[in-house]
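# Architecture and fold: a report
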Amino acid sequence: KQRIYQEYTQLGQQQQALAAPRNVIQESSLVQSSELSKISKFGYDFFDTIPTTSTPINDVPIPNDYILGVGDILEIFLKGNTNQSFRLGIGRNGSINFPQIGEIALDGISLNDAREKITFLVKEVYFSTEVVINVSDLKFIQVYVLGAVKNPGSFLVNPFTTVSNMIALAGGIRNYGSLRNIKLRRNTQEINYDLYDLLILGKRDNDYTLRSGDTIF
């Protein structure tokens, strides 16, 4: 009986010795898995550094290629034989109502084109008069963000908001979403946006300025 007991004890010790490396491997795998889970995916923390509120647009220089739309308000100054000033908003019909001239359609054209158009029409009525045109109040645009963002939905933002700004306002992209296959839909046009162009190459060519009705997904 004593011999059998000794053999049984030795067998148990051998089995424990064989099991130990397996346990060490399992524990090592668990540690590696835990460490890997702590490693964040490249680029997803980019949105943590972007302000999540729409930037103020007071005293912002308006570029000549700015596209006018419903809600924009123009200040028009006449100097010369006639000295007057007008504050005219683009109404829902896409036009301003200019005294003695009537409606002037401006929705969807650039600020530069609007200046040329208004100046031409004003000089047809007000002779020897110089025309100065500025945008005093900018419209807000409505855009949509869908898909793998933290806060999808509809947003009212200033007209200088870009694709990356808009994704940040929506809370950023979730870990299962793609940074390289972002799409901007504008009317019937669909534009691909690769955030790596910005993160790695510093290129902002495709970081488009949004327009009312645009959808990002």
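Residues numbered from 1 in each chain as written. Predicted model: local features only at pLDDT ≥ 70, side-chain atom pairs only at ≥ 80, totals over all residues. Heavy atoms only, no water.

Taken together, 5 strands build an open sheet; the order of strands is β7-β6-β10-β8-β9 and the sheet is mixed. The two strands at the open ends of the sheet, each matched to only one other strand, are β7 (153-157) and β9 (189-193). Bridging between strand β6 (residues 141-145) and β7 involves 5 bridges; their strand directions are antiparallel. In the strand pairing of β7, Val-143 is matched with Phe-155. (Pairing = 2+ DSSP bridges. Helix = DSSP H or I, 4+ residues; strand = E, 2+ residues; numbered from the N terminus.)

Glancing now at a nonpolar patch on the surface. A contiguous nonpolar patch, built from Phe-42, Ile-200 and Leu-201 and spanning about 330 Å² of accessible area, is present on the exposed surface. Examined against the element boundaries, Leu-201 turns out to sit in the loop between α4 (196-199) and β10 (215-216). (Patch = residues over 30% accessible without salt bridge, like charges linked within 9 Å, V, L, I, M, F, W, Y side chains within 5 Å. Areas by Shrake-Rupley, 256 points an atom, 1.4 Å probe, with all protein chains shown as cover. Salt bridge = Lys/Arg side-chain N within 4 Å of Asp/Glu carboxyl O.)

Summed over all chains, the structure comprises 7 salt bridges. A salt bridge links Asp-194 to Arg-180; the shortest N-O distance between them is 2.8 Å. A residue pair is termed long-range when its members are at least 10 positions apart, and Asp-194 in the loop between β9 and α4 and Arg-180 in the loop between α3 (163-169) and β8 (182-186) qualify at 14 residues. Asp-214 is paired through a salt bridge with Arg-186; the nearest N and O atoms lie 2.7 Å apart. Taken together, the positions of Asp-214 in the loop between α4 and β10 and Arg-186 in strand β8 put the pair 28 residues apart, joining distant regions of the chain. Accessibility expressed as a relative area gives 1% for Asp-214, which makes it buried. Each of Lys-183, Arg-185 and Glu-190 takes part in salt bridges that share partners, so that together they form one network. (Buried < 20%, exposed > 50% of the residue type's maximum accessible area, 1.4 Å probe, protein only.)

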